[in-house]
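# Structure at a glance
Residues per chain are reported as follows:
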Amino acid sequence: HVQLVESGGDSVQGGGSPRLSCAASGDTYSSYCMGWFRQAPGKEREGVAAIDSDGRTNYGDSVKGRFTLSKDNTENTLFLQMTSLKPEDTAMYYCAAQGASGLLFRLLGLQPKTYTVWGQGTQVTVS
C-alpha cells in the first residue's frame, strides 16, 4: 500500500507562487498515476492536475497556464507549482494516487472518484 503526505500549503496574497509537494512511500509502484485535487468549503472536490505513468499531464481549465505539475521519480514526490494565485484558488489541496491509465486517464484523470489512495491534504489560502 502507498501512503501520501502533502506539504507546502500556506496563506498567500494574490499573485503568489507556492509549491506543493506530495511524498509517496510504501508501495510506490502503485502510485504511477497521480494527481492534485482541491476542495473548498461547500463545494465538490475538483481535479487540478494529473499525470500518468508515461508522464502525460492533464490540467483543469481553471488552472491551465498557471499551475505546473511535475514528478520526481527518484524521490517519489509529486509537485504542484502554483503561480498567479487568485482568491478562487483557496481550498484544501489533496494528492491522490492509483488513478486510471491510458484512455481512461485522458477521460477521467481529473475525476476524484477514479483514485483510490489519498493524502490528508494541505490548505492553501489566497487573499
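Residues numbered from 1 in each chain as written. Predicted model: local features only at pLDDT ≥ 70, side-chain atom pairs only at ≥ 80, totals over all residues. Heavy atoms only, no water.

## A look at the sheet that holds strand E1 (residues 2-7)
The strand order E1-E3-E8-E7 describes an open sheet built from 4 strands, whose pairing is antiparallel. The sheet terminates laterally at E1 and strand E7 (67-72), the two strands that pair on one side only. For this sheet the average axis-to-axis angle between neighbouring strands, irrespective of direction, equals 15°. (Pairing = 2+ DSSP bridges. Helix = DSSP H or I, 4+ residues; strand = E, 2+ residues; numbered from the N terminus. Axes fitted to C-alpha atoms, helices over the stretch in contact; angles between N-to-C directions.)

## Things to note about the state of the cysteines
Within this structure, the stated rule accounts for 1 disulfide. Between the sulfur atoms of Cys-22 and its disulfide mate Cys-95 the distance is 2.1 Å. In this structure the cystine formed by Cys-22 and Cys-95 twists about its S-S bond by roughly -80°; its chirality is therefore left-handed. Taken together, the positions of Cys-22 in strand E3 (residues 19-26) and Cys-95 in strand E9 (residues 91-97) put the pair 73 residues apart, joining distant regions of the chain. The class of Cys-22 is buried, set by a relative accessible area of 0%. Cys-95 sits in the buried class, given a relative accessible area of 0%. No disulfide involves Cys-33; its sulfur sits 12 Å from the nearest other cysteine sulfur, which is in Cys-95. (Disulfide = S-S within 2.5 Å. Buried < 20%, exposed > 50% of the residue type's maximum accessible area, 1.4 Å probe, protein only.)

## Let's talk about the pairing of E9
Residues in a regular strand point their side chains to alternate faces of the sheet. With respect to burial, E9 is a largely interior element, 6 of its 7 residues being buried. In this structure, strand E4 (residues 34-39) lies alongside E9, joined through 6 bridges in antiparallel fashion. Looking at E9, one finds that Met-34 is bridged to Ala-97. Across 3 bridges, the pairing between E9 and strand E11 (residues 122-126) is antiparallel. Bridge pairing in E11 places Tyr-93 opposite Thr-122. Strand direction decides the pairing type here: E9 and strand E10 (residues 117-118), joined by 2 bridges, are antiparallel. For Ala-96, the partnering residue across the bridge sits in E10 and is Trp-118.

## Some points on the pattern of salt bridges
Applying the stated criterion across every chain, the model contains 3 salt bridges. Linking Asp-89 and Arg-38 is a salt bridge whose minimum nitrogen-to-oxygen distance equals 2.8 Å. Note that Asp-89 is positioned in the loop between strand E8 (77-82) and E9 and Arg-38 in strand E4, a separation of 51 residues in sequence. Across this residue pair, the class does not change: Asp-89 and Arg-38 are buried. If you follow the salt bridges from partner to partner, you end up with Arg-38, Glu-46, Arg-66 and Asp-89 in one network. (Salt bridge = Lys/Arg side-chain N within 4 Å of Asp/Glu carboxyl O.)

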